[in-house]
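As a plain string of letters, each chain reads:
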Amino acid sequence: MGINVSRNENLADNEYLKSFVGKNHIPSNNTEFWYSLLKFQIHIPENSEEQLSLDSRLETLCESFISNNLRTGNFGSLINVFLAKVSQLLSLSDHESNMHIWQIFNALFIIRSVVKYTIETGSEFQLLQHFEALPDPNVTHENEQNEQIEIAVEGGQAEGKAYPIVIDGNKFQSFFESIVNILVVIPVKEFTYHLHLEAVNTIITLLSVHLFTQQPVEKSMIFKSIYKCQNANVLMSALLHYVSRMVEMPHTMFGATSGGSFVYGIAESLMSMFTFRKNQDLLKSSATGVELSEQFRDHYPLANQSLLLILILTNHCTTKDNPYRTSLFGCSDSKDSPKDPPSTFKIDFNAVYDTLCKIVTIDQATLLLYLLLHRNERFYKFVMQQSNLEQLVIPILQTLYNAPDSTSHHIYMSLIVLLILSEDDAFNKNVHNIILRNISWYTERTITEISLGGLLILVVIRTIQYNMLKMRDKYLHTNCLAALANMSGQFRSLHPYVSQRLVSLFETLAKKHTRLNSQLREPVNGAVSVNVATTSEDMLQDLSVLEEVLRMVLEILNSCLSNQLVHCPNLVYTLLYKKSVFESFRSHHAFQDVIQNIDMVVGFFSTRLQRVQEQKGELGVHEVLEVITKGASQWSNDRLRKFPDLKFKYVEEDAPEEFFIPYIWTLVCKFGSVHFNSESIKVTTEISC
């Protein structure tokens, strides 16, 4: 580092850095020193190995910083230099601003490195001390000519003791507001991209104080300062713009080839935020969730880090007024009429939707989609009006289909998204009108043509069966069945294979029910041994859950027959073919009322088939379907017992932070661009950083 140094390997030997962390005070008006210090190029760590390597090279310097800064106040000087340069940036020409941005980036990188080290090895209080530290009147100063001047003050403190520090948070607040200004005022161009990325990474690093302390965030001064930000709306708007535009990282950090001039002002900058060319989509459609997450991080780091920061800001501090949650949940489409109710900010919903369709197979994108669908009514309505819903739904189904490659949290959130979508009747109807062809990733059976609704049913059923074998999560079962139940009244033109899988689901559960019942009836010393770890109480509980699931499957079948029988001849055909699977449940008190309706349908069509067979002999599949279709036109729903419509609505559980916060910080550690020391983390995350 320094004027002639551009390699990370030389950091420990850099004279300017040694002076910065040394025992002498460097005033913020020492222009020559700060110009020399900040004129360097550095390779930003791109993975945990590179971060570890950089940390090891910086460790000696950071130790010196911790030992000396409370007396020298050099960190405060650097903060002042940073604040001044950001303020000056708005009045510079393009040529001048290019160099200026380079130096602001370097200053911010040094600040973030110091913040990260102090948080990981010390405490929030110590970090804030370093922000507010003033030079001890007895400490040696360096003037612009690099001469040393001893300043003696009467009544000064003994050597080695820090000057009293008042921690009021004012300097930290000014620093944070300056970072926000970078993000909301300066438009993203090729030579500003890395500055914006560094600003986002710095906020994430500041918020990472949560990982390294047992103290509740409500008591954190850093969190308090960030969450009282007066520009939460424009910050959230900028971050969501970064996500939706998904601009590729430039190949050079501060290239001088960019054209055009800066457009300043919050409103103007958000409109012209991305003025350089977007490169071709570098995300491979065939990539798995983990592969796509890595591609997204490597090629679109600003979008990735902004997405993670949105999740952090909106999911912490949910029990009190959170301006970032309010902002995200209250935003509206930029194409909405000016006469519509006011919103927190406007953004092109179509751009947000298109980007989410591309990346929804990664955890953090699924979480953002969940927040917008669940909490932003305008966005939910917008999604429901889209004619290309398959672009959003199919990737979610692929996540569920590839469940072994996903975390249980991602599977759960993907199902919640489907459940929220299924709450809309128009969605449930439209998915059966969207025809898909040659779904290559669905390998259980070759299907040349199927509706989106049919594919959705197949994948959800498969998820239920996977859960039965691997996860055994009651809540996952419940959400799968709730989504199918919401859709059941609109099941139409079901593919023969879909109809078979629906009835086979009941058959599989029925066999498990019979087997569990048999185990409970076996005498203790009977021929069939029961696992000693499985008590009768456990089996009774399993049986109770299983009966709830069986009941729900029967109600789904009944709902379809009661509302769409005329449109589902393949389901009737399968019920006729598999009618024996219901026999043992006709007298069961938990099922007999629903099975009566199914028996009524089966009996009606069996009689008609028998008559035709007596006239024509054995019937083929197509002839049976003809009989069913003709009979359906003469069928009356009045024959069936009425049941309430199946309508389930997702309700977020109390204290959602207990689920979301560890999950989100796990994603920050695993798929983010900032790499933390996992050995120092004091709170629980799902995956090691």
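Since the model is a prediction, treat every value here as computed from it, not as a measurement.

(A) Inspection of the packing of aromatic side chains at higher detail. What the rule picks out here adds up to 30 aromatic pairs. Judged by centre distance (5.8 Å) and plane angle (80°), the rings of Tyr 370 and Tyr 650 are edge-to-face. One end of the pair, Tyr 370, is in helix 16 (residues 363–375); the other, Tyr 650, is in the loop between helix 27 (621–633) and helix 28 (657–671), and 280 residues separate them in sequence. Taken individually, Tyr 370 and Tyr 650 each receive the classification buried, so the pair is uniform in this respect. Relative to Phe 660, the ring of Phe 659 lies with its centre 5.0 Å away and its plane at 90°, an arrangement referred to as edge-to-face. On the basis of relative accessible area, Phe 659 is assigned to the partly exposed category, the value being 25%. Among the aromatic residues, those joined into a cluster by ring pairs are Tyr 16, Phe 20, Phe 33, Trp 34, Phe 65, Phe 75, Phe 82, Phe 131, Phe 172 and Phe 175. Residue placement shows Arg 462 over the ring face of Tyr 401; its charged tip is 3.9 Å from the ring centre.

(B) Here's a closer look at unusual backbone geometry. Here the phi dihedral of Cys 317 falls at roughly 55°; this positive angle occurs in a residue that is not glycine. The residue Cys 317 is located in the loop between helix 13 (301–315) and helix 14 (323–329) in this model.

(C) Fine view of the nonpolar core. Core analysis: the largest hydrophobic core is formed by 226 residues, its most contacted members being Phe 82, Leu 207, Tyr 324, Phe 379 and Val 383. Apart from residues lying up to four places away in sequence, Phe 379 is in contact with Phe 349, Val 352, Leu 356, Leu 369, Leu 372 and Leu 373.

(D) Seen up close, the side chain of His 432. Looking at the secondary structure, you find His 432 in the loop between helix 20 (425–430) and strand 5 (435–437). Take His 432: its relative accessible area is 6%, and that puts it in the buried class. Within the local environment of His 432, its side chain forms a polar contact with the backbone oxygen of Arg 492, the two atoms lying 3.5 Å apart.

(E) Representation of helix 3 (residues 48–72). Of all the bends in helix 3, the greatest, near 50°, is centred on Glu 59. The complete set of buried residues in helix 3 reads Gln 51, Leu 54, Leu 58, Leu 61, Cys 62, Phe 65, Asn 68, Asn 69, Leu 70, Arg 71 and Thr 72. After helix 3 finishes, the residue Gly 73 shows a positive phi value of roughly 65°.

(F) Spotlight on the packing of helix 25 (residues 569–577) against helix 26 (residues 592–616). Running from N to C, helix 25 and helix 26 point in directions that differ by 90°, and their axes come no closer than 10 Å. If you check the angle between helix 25 and helix 26, you find them roughly perpendicular. Residue-level contacts link Val 572, Leu 575 and Leu 576 of helix 25 to Ile 598, Val 602, Phe 605, Ser 606 and Leu 609 of helix 26. Grouping the amino acids of the contact of helix 25 with helix 26 by side-chain chemistry returns seven nonpolar, one polar and no charged.

(G) Expanded view of the environment of Leu 134. When you line up the elements, Leu 134 lands in the loop between helix 6 (124–132) and strand 1 (140–142). In the structure, Leu 134 is positioned 65 residues away from Asn 69 in sequence and 8.7 Å away in space, judged by C-alpha atoms.

(H) Representation of helix 15 (residues 349–359). With eight of eleven residues buried, helix 15 lies mostly within the body of the structure. Regarding helix 15, the residues found buried are Phe 349, Ala 351, Val 352, Tyr 353, Thr 355, Leu 356, Cys 357 and Ile 359. Sitting at the amino-terminal end of helix 15 is Asp 348, which places a side-chain oxygen 3.0 Å from the backbone nitrogen of Asn 350.

(I) Representation of the environment of Ile 447 in the model. Tracing the sequence through the fold places Ile 447 in the loop between strand 5 and strand 6 (449–451). Along the sequence, Ile 447 and Tyr 497 sit 50 residues apart, while their C-alpha atoms lie 8.8 Å from each other. The residues contacting Ile 447, other than those within four sequence positions of it, are Asn 438, Ile 439, Tyr 442, Leu 458, His 495 and Tyr 497.

(J) Expanded view of the confidence of the model for the protein chain. In this model, the protein chain carries an average pLDDT of 85, and 85% of its residues clear a pLDDT of 70 or more. Low pLDDT, under 50, characterises residues 1–7; the predicted model gives this stretch 19 contacts beyond four residues in sequence or across chains.

(K) Summary view of the side chain of Asp 424. Looking at where Asp 424 falls in the secondary structure, it is placed in the loop between helix 19 (408–421) and helix 20. It is Lys 647 that comes nearest to the buried, bridge-free Asp 424 among opposite-charge side chains, at 8.7 Å. Among the polar contacts made by the side chain of Asp 424, one reaches the main-chain amide nitrogen of Ala 426 at a distance of 3.1 Å. Setting aside chain neighbours within four positions, we find Asp 424 in contact with Tyr 380 and Met 384.

Cut-offs used in this document
- Residues numbered from 1 in each chain as written.
- Predicted model: local features only at pLDDT ≥ 70, side-chain atom pairs only at ≥ 80, totals over all residues.
- Heavy atoms only, no water.
- Phe/Tyr/Trp six-rings, centres within 6.5 Å; stacked < 30°, edge-to-face > 60°.
- Helix = DSSP H or I, 4+ residues; strand = E, 2+ residues; numbered from the N terminus.
- Buried < 20%, exposed > 50% of the residue type's maximum accessible area, 1.4 Å probe, protein only.
- Lys NZ or Arg CZ within 6 Å of the ring centre and 35° of its normal.
- Core = buried A, V, L, I, M, F, W, Y, C linked by side-chain atoms within 4.5 Å.
- Contact = heavy atoms within 4.5 Å.
- Polar contact = N/O pair within 3.5 Å; in protein donor to acceptor, adjacent residues only side chain to side chain.
- Bend = angle between axes of the 7 residues up to and from the residue.
- Axes fitted to C-alpha atoms, helices over the stretch in contact; angles between N-to-C directions.
- Parallel < 35°, antiparallel > 145°, perpendicular 65-115°, else oblique.
- Nonpolar A, V, L, I, M, F, W, Y, C, P; charged D, E, K, R; others polar.
- pLDDT = per-residue confidence, 0-100.
- Lys, Arg positive; Asp, Glu negative; His and termini not counted.
- Salt bridge = Lys/Arg side-chain N within 4 Å of Asp/Glu carboxyl O.

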